[in-house]
Amino acid sequence: MHRRAFVQGLAWLAAAGPARAQGFAGLGGEAEGYAPVVRGRALTFPADHGAHPQFRIEWWYVTANLRGEDGEAYGVQWTLFRQAMAPGSEGQGWGSRQLWMGHAAVTSARQHLFAERLARGGVGQAGVEAAPFHAFIDAWELRAPEGASAQTLAPLALKASSTDFRIDLRLDTTRPVVLQGEGGYSEKSTRGQASYYYSQPFFTAQGEIALAGRSVGVTGQAWLDREWSSQPLAPDQKGWDWMSLHLASGDKVMLFRLRQDDGADYRSGNWIDADGTAHALAASDIAMTPTAWTTIGTHVVPTSWRVAIASRGLTISIAPLNPQSWMGTSIPYWEGPVRIEGSHGGVGYLEATGY
Amino acid sequence: MSGGLARCGWVLKTLLSHWRGHPMQLATLLVGLILATALWSGVQALNQQARQSYARAAAMFGGARTATLVAKDGAAFSQDLFIALRRAGWAVSPLLEERVQINGRSVRLVGIEPLTLPKETGAVARMDGGELRTFLMPPYQTRVARETLVSLGLHEGERPQLRNGQSLPPLAISPALAPGVLVVDIGIAQRALQKPNQISRLLVARQPLGPASPLSEVVGDRLQLVAPQSESGLEQLTDSFHLNLTAFGFLSFAVGLFIVNSAIGLTFEQRRPMFRTMRACGVSARTLNAMLLVELVALALVAGFVGMLAGYGMAALLLPDVAATLRGLYSAEIPGELTLRPAWWIAGLAMTMAGAVAAAATGFIKLQRLSILAAAQPDAWKELQQRWLKRQGLLAVLVTGIAIACLLFGHSLGAGFALLGTLLLAAALALPVALGLLLQISERWASRYRRQPLLQWAFADSRQQLSGLSLALMALLLAVAVNVGVSTMVGSFRATFVTWLDDRLMADVYLDAASNEQAAEIAQWLKRRPEQIAILPGVRAETRVAGQTIELMGLADNAEYRRRWPLLAAAPDAWRSIAQGDAAFVSEQLSRRAGLKPGDTISVATDAGHWPLTIAGIYADYGNPRGQLAVDGDALVRHFPKTPRTRLALRIAPPQVSRLVADLQNTFHLGERQIADQSEVKAESKRIFDKTFAVTAALNAFTLGVAAIALLTSLLTLAGARLPQLAPLWAMGVTLPRLSAIELAKTMMLALLTALLAVPLGLAVGWCLVAVVNVRAFGWRIPLHVFPSQLVELLAIAMVAALIAAAVPLAKLFRMPPARLIRVFANER
């Protein structure tokens, strides 16, 4: 695996600044000078599909569970992160304070190929335009055609490639995006940390991927997450376990658990009915228990889980397609497709950070 | 089983008990091993350090080692092309660079984009998060090497002022940067140089990002790809120098092993009664040998470990840049070294152990052959030694045969090294024989003077002593020979290198204009300058000779230039025939490859038919992998009318160089690759070489010290054994002071004879290094320079070392109470 020497220890710039070691990747650092996340602000589209440079951090996150023409299961991740190096006016050209980071990965039961891109803001190497929607870094992009719907954020063309993989997907849906939390205000701790968060969990995906020179046509479902914040984590929150689940019933479930220093955690989630109606889940309603751990280098990551949501009669076990789905990027984390068995069947994506 | 183990333990304990009585011997053994390892690993560390210094200079932002994209006319271009290429999948990184004047000194201001900068382009790319943030955020940073900071007369944190009134961000030291360079963010460089959105060139990373669109589809014909250049001549010269240093490391190691061999030989001899007793008690020869081996390996392991540390310590002490060396040794932050280091340690220790076992091999063989009963009689050992000496003579002849075969029939680098090894081995083996012969002759000569029985005795006794001292003398021979050889090699290298640099890079500024017209324009502009500038046009063409592509270079019409051209061999009136346009000089490499010598004629294919040329001479072209012919410049243009006339070499007074370079760059928009200030290249190269030269001198001293210790311990060990020889003389009335003086004279005579024999051997070693090893590795030869004063100095040092070694045991003899001498007769054997 090729690692660029200069990003070793980069730890995503915010972590290296005054906010060093504040939560995972510095996401628990002080938010002073940045725009605050406030309850009750209505999200507006297409404007909020674009970048929010006055907030510290932001991401456009697509995960897809796919089935190849060869019958194999595959997973695809495409992510663009934006990070401000300092609060204040955005700056012109090379003076821009924005840094961009792209992650892409293709996963099969035997392979997990990933790549990273880094770029400065302000010069056109990376960025996001709200309408027509276009998120890009180098040759990777997520692009909506002229006249695409702002409410559904569809259709989208998704492209990424590296020396050993290629992704070329078309995402489509007729459902509007779903606001997470309280109308898009997603609380991350009991002390006010929060983010703006909406998703498009209803994408169908179709296209072609290539792993190590082998191309395969794929179809499946995809999930897009949009989140931005200035201090999404409390200083004592060291990482999270997050999952997006496509249940066979057509329902969608988003769950996360933020782990605190004291061993306690902050749980939250959302149950999205097949018709798009979202229901926030109470922390007491969610049970997330690791059942198997995978050791990757010096990292020990929970990759199998037992999940229960009592109010919905859901008791499932979650197992990885490939337990070695490690993203060995500047900020390393585990992200990969999972299978669901138990009271409900289905597929999904698991993300485990801070291990 | 446990009984066997217990016996082994018991045997080992008995063996080790010997050292308690002979701590000096243990010390010799350990010191020999430690020094052998230290010299070897130290040379390795130095080599690596010097290579890094070169790599640092060579790789800095691509140098010529990285592929780049440049505008057709060499001028700056819009950064939109950078964006377009990135978006099309190209792994490119923008650079904006220009020479600027700061405090009257010319430096290179380089604007980089750290996030896309390819990792192979230099250590500046290795910024961690915090550094990156400081570099990219107000008040920003100007990164600079410490030496540049000092030469600019500025301090960290100051903001350098440019002549255009712009100021740069605060200075910060970045140790990994090459000298003469200031590094800022590309945005800062665009502002400071008043070139908004402009870049000079794009670096192309070795590792692609993935599939990318063809270049012409993205940027049309606006940019052209310049492929990375292979090693430059300077680098090849450096490589060759380091190859020779490695050879030196090997030779030092061999010297160390001789000391170990002599120490082990002595311990085997002294422990013979112990071996006999143990064998008589039922210890099998195999167990005894196995335990001796265990003991040896344990000693080698300890000594090897200490030796490695000492070697690194020595390298660190000898190099001015101690911190850099230490960082290389102990930090894990530099990739490559991290993976190399354990292997290096293991290799070093394995080498020490293999060396120790090899040095002990003769001892083991002797032990195996010795019968239990014979072991009790010292004479049996002596007889064996005598027979062994005879065999040594035969062996020396055999090894010499191999050496000659290596020289005559071997063509590989391996054969070159084999030649070196066999040469030294043969000489060492032949030494006792040669000394014996010399002494025998001297003895006969002394026997003519019947009134001098003491003189006659002295020669006879020296011969008898020879077998005991032979190993130490061999060590001395090799140490002096290696010293002579390496000093000669280093001296030749230095002389050659410095003259070559001065001669071949005689001009101070080299430039390559974008077109013939621009070159003419520049030449006109230069003539109008107030400075005295000699303009030497350089023309080159490519052609084929004897089936290989070669370079034709035009010689400028300038007396000084021609006078200093590094000719190795020349026909009479060489320059006149060159000026007539029908003769050529041939580069050494091409002359070797094509078998060309002065007087030969060749036919060169040109644009307008064939051009017959007579070889008028051979010149040194160190480090150029391609063959070259040098012809008159005007004649070259006549035969190759299409050849570009864009190259100009300028000679100018050194203090005016930097200003001229800056003016040229700014007036004619010349990129970094189009103009080169050779004075900086020369200064930096000489500095690095001098560092290595200083280190070699110190290493020489170490080697001689090792040999002196070997001699000392041999003499110490022999001192006790020699009492039966000395006591009768004392009893016959020779006073102790007189006896001591005779002993000293004898030792010094042996040492002097050995050292004198070592001089021709050393010169042969030096010759092998520059004329065999180097030619086989690189295809060119360094002329051998002999430095007589250096030889005298070395001999003197060797004699002082021998004197010190001889003085210690003699001081004992001098003060020996008569009772001890009398006791010799009491327990006469």
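Throughout this description, residue numbers start from 1 for each chain and increase along the sequence as written. In the order they appear in the text, chains get letters beginning with A and ligands get numbers beginning with 1. In view of the model being predicted, local features appear only for residues whose pLDDT reaches at least 70, and side-chain atom pairs are presented and counted only at 80 or more, with totals across whole chains, interfaces and linings using the full set of residues.

Now for the overall build of chain B. A run of DSSP states H or I qualifies as a helix once it reaches four residues; a run of E qualifies as a strand once it reaches two. Both are numbered from the N-terminal end. Counting its secondary structure elements, chain B contains 26 helices and 21 strands. With 829 residues in all, chain B has 43% of them scored as buried. Relative to all contacts within chain B whose residues are 6 or more apart in sequence, the contacts with residues 24 or more apart total 82%. With C-beta atoms placed from the backbone, a residue counts as buried when 20 or more other C-beta atoms lie within 10 Å of its own, as exposed when 12 or fewer do, and as partly exposed for counts between those limits. Residues are treated as contacting if the C-beta atoms built from their backbones sit within 7 Å of each other.

What follows is about the overall build of chain A. For chain A, the helix and strand inventory stands at zero helices and 23 strands. Counting all 355 residues of chain A, 55% fall into the buried class. Taking contacts inside chain A between residues at least 6 apart in sequence as the whole, the part at least 24 apart equals 55%.

This part is about helix α16 (residues 516-528) of chain B. Residues and elements named next belong to chain B. Look at α16: 19 Å from first C-alpha to last across 13 residues, which is about the 18 Å you get at 1.5 Å a residue. Taken together, the buried positions of α16 are Q518, A519 and I522. For α16, the buried positions fall inside an angular range of 100° around the axis, keeping them on one side. Among the exposed residues of α16, those pointing more than 90 degrees away from its buried face are N516, E517, Q524, K527 and R528. Working rule for helices: expected span equals 1.5 Å times residues minus one. The directions from the helix axis to the C-beta atoms form the arc being described.

This next bit is on the nonpolar core. In this description, a nonpolar core means buried residues of the types Ala, Val, Leu, Ile, Met, Phe, Trp, Tyr and Cys, linked to one another by C-beta atoms lying within 7 Å. Counting residues in each nonpolar core, the largest one holds 102 residues, and the members touching the most others are V76(A), V106(A) and I167(A). Looking at this core element by element, the count peaks at nine residues for strand β12 (residues 194-211) of chain A. Filtering out sequence-adjacent residues up to four positions away, I167(A) remains in contact with V76(A), W78(A), A104(A), V106(A), L158(A), K159(A), A160(A), S161(A) and I209(A). Judged by nonpolar contacts, the second largest core, of 98 residues, contains L15(B), L35(B), F417(B) and L477(B).

Okay, helix α14 (residues 413-447) of chain B next. When the terminal C-alpha atoms of α14(B) are compared, their 50 Å separation across 35 residues agrees well with the 51 Å that a helix rising 1.5 Å per residue should span. Helix geometry: α14(B) is bent most strongly at L431(B), by close to 40°, with proline P432(B) lying one to four residues after it. Throughout, bend refers to the angle between the axes fitted to the seven residues that end at a position and the seven residues that start at it.

Turning to the sheet that holds strand β9 (residues 201-204) of chain B, a few remarks are in order. Residues and elements named next belong to chain B. For two strands to count as paired, DSSP must find a minimum of two bridges between them. Across the sheet, which stays open at both edges, the eight strands sit in the order β6-β5-β7-β4-β3-β9-β1-β10 with mixed pairing between neighbours. Both edges of this open sheet fall to β6 (171-173) and β10 (223-226), since each of them pairs with a single strand only. On average, each strand axis in the sheet is inclined to that of its neighbour by 30°, with strand direction left out of account. Of the pairings in the sheet, the one linking strand β5 (residues 142-144) to β6 comprises three bridges and is parallel in character. Looking at the pairing, V144 lines up with I173 of β6. Axis definition: a line fit to C-alpha positions, over the contact stretch in the case of helices; interaxial angles, taken between N-to-C directions, run 0 to 180 degrees.

Moving on, we come to the pairing of strand β17 (residues 601-606) of chain B. Residues and elements named next belong to chain B. Of all six residues making up β17, only zero are buried, and the element is barely covered by its neighbours. Note that β17 and strand β18 (residues 609-619) share six bridges and pair antiparallel. Bridging across to β18, T601 finds its partner in T614. The antiparallel hairpin formed by β17 and β18 contains two residues in its connecting segment.

Once that is clear, we can look at the pairing of strand β18 (residues 286-296) of chain A. All names here are of chain A. Bridge count for β18 against strand β19 (residues 299-309) is ten bridges, and the pairing is antiparallel. Among the inter-strand pairings, T294 is bridged to a residue of β19, identified as V301. As consecutive antiparallel partners, β18 and β19 are separated by two residues, and within that stretch G297 has a phi angle of approximately 60°, a positive value.

Predictor confidence is given residue by residue as pLDDT, running from a minimum of 0 to a maximum of 100. Confidence along chain A averages 89 in pLDDT terms, with 91% of residues attaining 70 or more. Here residues 1-21 of chain A is modelled with pLDDT under 50, and outside its nearest four sequence neighbours on either side it reaches 57 contacts, counting other chains as well.

As a further point, take the environment of R286(B). Structurally, the position occupied by R286(B) is in helix α10 (residues 285-318). On a C-alpha basis, the gap between R286(B) and Q368(B) in space is 8.8 Å, while along the polypeptide they are 82 residues apart.

What follows covers unusual backbone geometry. What you tend to see is this: most non-glycine residues have negative phi, and most peptide bonds are trans. Of note, the amide linkage connecting F45(A) to P46(A) takes the cis form, showing an omega dihedral of 10°. Of note, P46(A) is situated in the segment before β1 (57-68). The step from A131(A) to P132(A) runs through a cis peptide bond, and the omega angle for that step is -10°. Looking at where P132(A) falls in the secondary structure, it is placed in the loop between β5 (126-129) and β6 (134-137). In the Ramachandran plot, D138(A) falls in the positive-phi region, its phi being about 50° despite a non-glycine side chain. Locating D138(A) in the fold gives a position in the loop between β6 and β7 (140-143). Positive phi outside glycine occurs at Q194(B), with the angle close to 55°. Looking at the element boundaries, Q194(B) is found in the loop between α6 (186-192) and β8 (198-199).

Residue and element names in this part refer to chain B. Across chain B, the average pLDDT comes to 77, with 78% of residues at or above 70. Element-level pLDDT for chain B is lowest in helix α11 (residues 322-330), with a mean of 35, against a maximum mean of 96 in helix α3 (residues 80-87). Scored below 50 in pLDDT, residues 320-340 makes 15 contacts in the model with residues more than four places away or belonging to other chains. Our summary of model confidence lists the complex with pTM equal to 0.60 and ipTM equal to 0.91.

All right, on to the environment of Y34(A) then. Residues and elements named next belong to chain A. Relative to the elements of secondary structure, Y34 occurs in the segment before β1. In this structure, the C-alpha to C-alpha distance between Y34 and P53, residues 19 residues apart in sequence, is 9.0 Å. Beyond its immediate chain neighbours, meaning those up to four positions away, Y34 contacts Q54, F55, R56, P87 and S230.

Turning to the environment of D634(B), a few remarks are in order. Residues and elements named next belong to chain B. With respect to the helices, strands and loops of the structure, D634 is situated in helix α20 (residues 633-639). A count of 16 C-beta atoms within 10 Å places D634 in the partly exposed class. Spatially, the C-alpha atoms of D634 and A579 are 8.8 Å apart, while their sequence positions differ by 55 residues.

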